[in-house]
Amino acid sequence: MPAASALLAPAAPVGIGWRQPHYEALLARRPALGFIEVHSENFFADGGATLAVLEAGREAYAVSLHGVGLGLGSATGLDPWHLDRLARLVERVQPQWVSDHACFARVGSGLHAADLLPIPFNDESLALMAKHVGTVQQRLGRRMLVENISAYVGWDGDTLAEPEFFNLLTQRSGCGLLLDVNNLFVNARNAGLAPDEAAREAMRWVDAIRPGSVGEIHLAGHCELADGLVIDDHGSRVRDEVWRVYAHAIERLGPVPTLIEWDAAVPELDVLLGECERARALQT
């Protein structure tokens, strides 16, 4: 019989969102990271210093391109210019993963809301999302990941539970799920649940997802306002309750590539690297 340690799945790569304050430090220090993730739209230009930095990072690390502007659930359709720019960037960088959000952003005659607006969870929205995901995947020639969002408003008349929606989306389109466990916790808190119960609710969400459909996990911090609203601001360390949800996700899904997101009040690089070490420890 093999040793118990041989039966354990190997740890998955852990990375950080690579933001401008850490461009130089990361390239100079080359810390041990599984990958780096950048926002796709920041690198849509055909050249220049920003794209040169990304190409330098690509020489040292696998890259994940994470978009915020496709608006996959927009009833007005996808923006051809945006998709073309993304395809050109993918061809140039050859990233490990490409992702965007389950949201809408485009309205009317091409107006972009510059935000991740929530979609209804029903059959009509599912069909639209699957169609758009299929279009993106065909254009890019690869599978993409779609992220669950934090939402501060909702729609009346949802007919599908959110995890059921994602199960059907991944089955119909062949895409993967980018599971943001902080978003699960934030949404549960904004539904009126206390922290411990919000963590349990997030774990139930994870339990409803098809194993094998999750291609990446995001971890981030959030803040709580005086009026009780919880905001997914990516501006602090991952909270203990979210770490509990992450540990549960790893136990259920196995090791999954994991990203530490930090976009506001960005600290020293070593703080992010410390969060990575905690994620690695929970995978083993």
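Use the structure listed above.
Below or above, wherever it landed, is the structure these notes cover. Because the structure is a prediction, the values reported are computed rather than measured. (Residues numbered from 1 in each chain as written. Predicted model: local features only at pLDDT ≥ 70, side-chain atom pairs only at ≥ 80, totals over all residues. Heavy atoms only, no water.)

**Focus: the overall build of the chain**
Okay, step 1: Helix and strand content of the chain: nine helices and twelve strands.
Okay, step 2: Whereas a compact globule of 284 residues would reach a radius of gyration of roughly 19 Å, the chain reaches 18 Å, a difference of no more than 12%.
Okay, step 3: Relative to its 284 residues, the chain shows a buried fraction of 50%.
Okay, step 4: Residue pairs at least 24 apart in sequence account for 77% of intrachain contacts in the chain once pairs closer than 6 positions are excluded.
Okay, step 5: For the chain, the exposed area adds up to about 12500 Å²; of that, 53% sits on carbon and sulfur atoms.
Okay, step 6: Averaging the coordinates of the 23 positive side-chain charges in the chain and doing the same for the 37 negative ones gives two points 5 Å apart. (Helix = DSSP H or I, 4+ residues; strand = E, 2+ residues; numbered from the N terminus. Rg over C-alpha atoms; globule rule 2.2 N^0.38 Å. Buried < 20%, exposed > 50% of the residue type's maximum accessible area, 1.4 Å probe, protein only. Contact = heavy atoms within 4.5 Å. Areas by Shrake-Rupley, 256 points an atom, 1.4 Å probe, with all protein chains shown as cover. Lys, Arg positive; Asp, Glu negative; His and termini not counted. Charge placed at Lys NZ, Arg CZ, Asp CG, Glu CD.)

**So, the packing of aromatic side chains**
Okay, step 1: Scanning the entire structure with this criterion turns up seven aromatic pairs.
Okay, step 2: For the pair phenylalanine 165 and phenylalanine 166, a centre-to-centre distance of 5.8 Å together with 80° between the ring planes defines the contact as edge-to-face. (Phe/Tyr/Trp six-rings, centres within 6.5 Å; stacked < 30°, edge-to-face > 60°.)

**Notes on helix H6 (residues 181–190)**
Okay, step 1: The element H6 is largely enclosed, with a buried count of eight among its ten residues.
Okay, step 2: Taken as a whole, H6 has its buried residues at Val181, Asn182, Asn183, Leu184, Phe185, Val186, Ala188 and Arg189.
Okay, step 3: Here H6 starts with a cap whose side-chain oxygen sits 3.0 Å from the backbone nitrogen of asparagine 182, and that cap is aspartate 180.
Okay, step 4: Looking one or two residues past H6, glycine 192 carries a phi angle of roughly 100°, positive in sign. (Polar contact = N/O pair within 3.5 Å; in protein donor to acceptor, adjacent residues only side chain to side chain.)

**Brief notes about unusual backbone geometry**
Okay, step 1: Even without a glycine there, the phi angle at histidine 234 is positive, about 55°.
Okay, step 2: Its place among the elements puts histidine 234 in the loop between strand S11 (230–231) and helix H8 (240–253).
Okay, step 3: Located in the positive-phi region is alanine 265, a residue other than glycine, with phi close to 50°.
Okay, step 4: Residue position: alanine 265 is located in the loop between strand S12 (258–260) and helix H9 (269–283).

**Regarding the sheet that holds S12**
Okay, step 1: The eight strands are arranged S1-S2-S3-S4-S7-S8-S9-S12 in a closed barrel whose pairing can be described as parallel. Each adjacent strand pair in this sheet contributes to an overall mean axis angle of 25°, direction not counted.
Okay, step 2: The sheet contact formed by strand S2 (residues 35–39) and strand S3 (residues 63–66) spans four bridges and is parallel. The partner of isoleucine 36 across the bridge, within S3, is valine 63.
Okay, step 3: Against the sheet, H8 makes contact with strand S8 (176–180), strand S9 (214–219) and S12, and its axis sits at roughly 165° relative to S9, the strand it touches most. (Pairing = 2+ DSSP bridges. Axes fitted to C-alpha atoms, helices over the stretch in contact; angles between N-to-C directions.)

**Points about the nonpolar core**
Okay, step 1: Judged by nonpolar contacts, the single largest core of 75 residues is most densely connected at Leu169 and Leu179.
Okay, step 2: Looking at this core element by element, the count peaks at seven residues for H8.
Okay, step 3: If we skip the residues at most four places from it in the chain, leucine 179 touches Asn148, Leu184, Trp205, Val206, Val214, Glu216, Ile217, His218 and Leu253. (Core = buried A, V, L, I, M, F, W, Y, C linked by side-chain atoms within 4.5 Å.)

**Some thoughts on the pairing of strand S1 (residues 14–17)**
Okay, step 1: As judged from the three bridges shared by S1 and S12, these two strands associate in the parallel manner. Bridge pairing in S12 places valine 14 opposite threonine 258.
Okay, step 2: Bridge count for S1 against S2 is three bridges, and the pairing is parallel. Its bridge partner being in S2, glycine 15 is matched across the sheet by phenylalanine 35.
Okay, step 3: Following the chain from S1 across helix H1 (residues 23–29) to the adjacent parallel S2, one finds a crossover that is right-handed. (Right-handed = clockwise from strand over helix to strand, strands pointing away.)

**Quick word on the pattern of salt bridges**
Okay, step 1: Within the structure shown, the criterion is met by 15 salt bridges.
Okay, step 2: We note a salt bridge from arginine 92 to glutamate 55, for which the minimum N-O separation is 2.6 Å. With arginine 92 in helix H3 (residues 80–93) and glutamate 55 in helix H2 (residues 49–60), the pair connects residues that are 37 residues apart, well separated along the chain.
Okay, step 3: The partner of glutamate 277 in a salt bridge is arginine 280, with the nearest N and O atoms 2.4 Å apart. Placement of both glutamate 277 and arginine 280 in helix H9 is noted, with a separation of three residues, approximately one turn of the helix.
Okay, step 4: Through salt bridges with shared partners, a single network forms among Glu197, Arg200, Glu201 and Arg204. (Salt bridge = Lys/Arg side-chain N within 4 Å of Asp/Glu carboxyl O.)

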